[in-house]
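# Architecture at a glance
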Amino acid sequence: MFYQIKSNIMYRNYSAFGYITDNRNYCYNKLYDNNPVIGDKIVSETGALFLSVMSLHPKQISELVFQIRQNISDVEYDIIYKDSMDFFNLLVKESFIVSGKTAEECKQNDINSWQKLISEKTNNSFDVMRSDIRLDTQDYFNNYFNHKPLLRSLYIEITSICNERCIHCYIPHELKNNHMDLGLFNKIVDESIELKVLNFTLSGGEPMLHPNFLQMINRCKKENISLNILSNLTALSEEIVTELRTNPLISIQASLYSINPDIHDEITKLKGSCNITKKAIRNLVENNINVQISCPIIKQNIHCYLDVIGWAKTLNIHVSSDYNLLGKYNSNTDNLNCRLDYTDTYDIINNVLYKDINILEKEIEEKKALTIDDPICSVCRHSFCVSENGNVYPCAGWQSFVLGDLNRSTLNYIWNESNKTKYLRNLKIKDFNICSNCDDRVYCSICMVINSNENKSGDPMKVSKYHCDITRLKKEIYIKKKMLMTASACLGYCHKTC
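Just so it is clear, the structure is predicted and the values come from calculations on it, not from any experiment.

Calculation rules
- Residues numbered from 1 in each chain as written.
- Predicted model: local features only at pLDDT ≥ 70, side-chain atom pairs only at ≥ 80, totals over all residues.
- Heavy atoms only, no water.
- Helix = DSSP H or I, 4+ residues; strand = E, 2+ residues; numbered from the N terminus.
- Rg over C-alpha atoms; globule rule 2.2 N^0.38 Å.
- Contact = heavy atoms within 4.5 Å.
- Areas by Shrake-Rupley, 256 points an atom, 1.4 Å probe, with all protein chains shown as cover.
- Pairing = 2+ DSSP bridges.
- Axes fitted to C-alpha atoms, helices over the stretch in contact; angles between N-to-C directions.
- 1 Å grid on protein atoms, 1.4 Å probe; cavity = no way out; pocket = protein on both sides within 12 Å on 5 of 7 lines; lining within 4 Å.
- Points joined across faces, edges and corners; volume = space filled by probe spheres on them.
- Nonpolar A, V, L, I, M, F, W, Y, C, P; charged D, E, K, R; others polar.
- Buried < 20%, exposed > 50% of the residue type's maximum accessible area, 1.4 Å probe, protein only.
- Core = buried A, V, L, I, M, F, W, Y, C linked by side-chain atoms within 4.5 Å.
- Parallel < 35°, antiparallel > 145°, perpendicular 65-115°, else oblique.
- Phe/Tyr/Trp six-rings, centres within 6.5 Å; stacked < 30°, edge-to-face > 60°.
- Lys NZ or Arg CZ within 6 Å of the ring centre and 35° of its normal.

### Topic: the overall build of the chain
- When you go through the chain residue by residue, the secondary structure sums to 18 helices and 15 strands.
- At 25 Å, the chain has a C-alpha radius of gyration in line with the 23 Å of a compact globule built from 498 residues.
- Across the chain, contacts joining residues at least 24 apart in sequence account for 70% of those joining residues at least 6 apart.
- Split by element, the accessible area of the chain, about 23700 Å² in all, is 50% carbon and sulfur.

### Side note on the sheet that holds strand β4 (residues 40–43)
- Strand order in this open sheet of three strands is β2-β3-β4, and the pairing throughout is antiparallel. Where the open sheet ends on each side, the last strands, each with one partner, are β2 (9–13) and β4. For this sheet the average axis-to-axis angle between neighbouring strands, irrespective of direction, equals 15°.
- Two elements, strand β3 (residues 18–22) and β4, share four bridges in a ladder whose sense is antiparallel.

### Observations regarding empty space enclosed by the protein
- On inspection of all chains with the given rule, the structure shows one cavity of 30 Å³ or more.
- The computed volume of the largest cavity comes to approximately 70 Å³.
- Every residue along the wall of the largest cavity is listed here: Y28, N29, K30, V285, N288, I289, N290, V291, L315, N316 and I317.
- Residue composition of the lining of the largest cavity, grouped by class: six nonpolar, four polar and one charged.

### Observations regarding unusual backbone geometry
- Along the chain, G204 connects to G205 via a cis peptide bond; the corresponding omega equals 15°.
- Position of G205 relative to the elements: it lies in the loop between β8 (199–203) and α7 (213–222).
- Unusually for a residue other than glycine, H147 sits at a positive phi of about 60°.
- With respect to the helices and strands, the residue H147 is situated in the loop between α5 (137–144) and β7 (153–157).
- You will see that K196, though not glycine, has its phi angle at about 65°, which is positive.
- Take K196: it is sitting in the loop between α6 (182–194) and β8.
- On the basis of relative accessible area, K196 is assigned to the partly exposed category, the value being 25%.

### Some words on the nonpolar core
- Core analysis: the largest hydrophobic core is formed by 102 residues, its most contacted members being I156, F185, I188, F200 and L244.
- If you tally residues by element for this core, the top one is helix α18 (residues 465–497), at five residues.
- Residues within four places of F200 in sequence aside, it is in contact with L154, I156, F185, I188, V189, S192, C220, I225, S226, L227 and N228.
- Counting residues in each nonpolar core, the second largest holds 28 residues, with A48, L49, L51 and I68 among its members.

### Some points on the pairing of β3
- Of all five residues making up β3, five are buried, and the element is well covered by its neighbours.
- The alternating pattern of β3 places G18, I20 and D22 on one face and Y19 and T21 on the opposite face, and all of these are buried.
- The sheet contact formed by β2 and β3 spans five bridges and is antiparallel. Bridged to R12 within β3 is Y19.
- Linking β2 to β3, which pair antiparallel, is a turn of four residues; within it S15 sits at a positive phi near 70°.

### Some remarks on the packing of helix α9 (residues 261–268) against helix α10 (residues 273–286)
- Two elements in contact, α9 and α10, have axes separated by 8 Å at closest approach and are oriented at 105°. Overall, the two elements α9 and α10 adopt an arrangement that is roughly perpendicular. Contact residues: P261, H264, D265 and T268 in α9; S273, C274, N275 and T277 in α10.
- Its residues placed into classes, the contact of α9 with α10 shows two nonpolar, five polar and one charged.

### Some thoughts on the environment of I470
- Structurally, I470 is set in helix α18.
- Overall, I470 belongs to the buried group, its relative accessible area being 9%.
- Taking the C-alpha atoms as reference points, I470 and G18, 452 residues apart in sequence, are found 43 Å from one another.
- Look past the residues within four positions of I470 in its chain and what remains in contact with it is Y323, T345 and I349.

### Brief notes about the packing of aromatic side chains
- All chains considered together, the criterion is met by 20 aromatic pairs.
- Counting every residue linked through ring pairs, the aromatic cluster contains Y14, F17, Y19, Y140, F141, Y144 and F145.
- Against the face of F401 rests K420, its NZ or CZ located 5.5 Å from the ring centre.

Below, the structure is given as structure tokens:
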């Protein structure tokens, strides 16, 4: 019998335990998708050893047992054979790995390997499952590592070069002129493996313009790293499609601002880009490559962004729409001329984002649970970003706040030892005086990147007026919706009693 880890599954060995997971936290799913969520699993130290001898390529059980015995030489072969078979077969039923009577059958089973989940317990001589775990997986990680921030994702701008000049872009157009060196990218991959990183987001500029783009995504595939690629798709080639099709850990987010070429092309400043991008999106869908559309809502497409959502629905894919815009990271805010006015923003929040009051109510309850001693946001707790020149910064769009330089330092040092990283992690709500004393705080989602990019000094502590405007909108919408619900309930009661 042959076994292999499925190509849409990631495994990380933490020595004392193992972690195996699907790509659900990072991929872009279809609008309507019957595929089950596989989930994740914590296995014991022995289970971690059993998994560590597996790979993304089929191995015969005799080879796996031989490799396991290199580390457990004092246990009889038959015991290891039986326990490993039981363990591997359980993971096959739970859809984490696949098996086959031949290597070819094993590979074929991996291609169409989404299966109904089956829960089953086995009695093994080794404790390969962490049967003592009753916590949610993230809670388990928090408890085990004493809430130490773990680097799970990296946002990497592999190039700043772009063939579009989008009018709302937060990257100054005059700085779009450099590719990341392949050697630096490979260094990032090597150090990410040591830190058990699960996911990369490759961005730009336009990442597909990088001359080593295929080598980069190939390296990530080899190292079992999930990939999100943010692209306008105008450089998508059949060679790239062929490579993307072989990796189920890859998802694409494509920028499309309108299905009307005149409007889209006026935003991108690249004639013909609308039709090229739409054709490329269809190409990805037809090749069963995970894709979603990014459609920021700005003044230029406020009256037609719903057409993009409707068009995407015919392809069974999601659209990510957001009215928030970042000022340029050099504190030039001329791109914010595209930002929606008060009335349009109100309509978006009221009719799209919070059409269901329960969504807004849930956010408010979560904010009420926070105290002024809680962190202001999740910055530098699970991810950070790398620019094409090797500078590391906190999150997308905040290139002005450099945490370190990977040409002179390591990911591990910048993540765990950088004073700037520690400073951001230690910021609390109470450090923002205007916010900690504000009665409307439960409606607010403060963002240090917006703060930094919207003032000439680049000060993340200087609260942007935009935050306060949006907060007042949310509060107004919530109060009105609440009043309508109360009036409706009273009317219903009156009808019932009459």
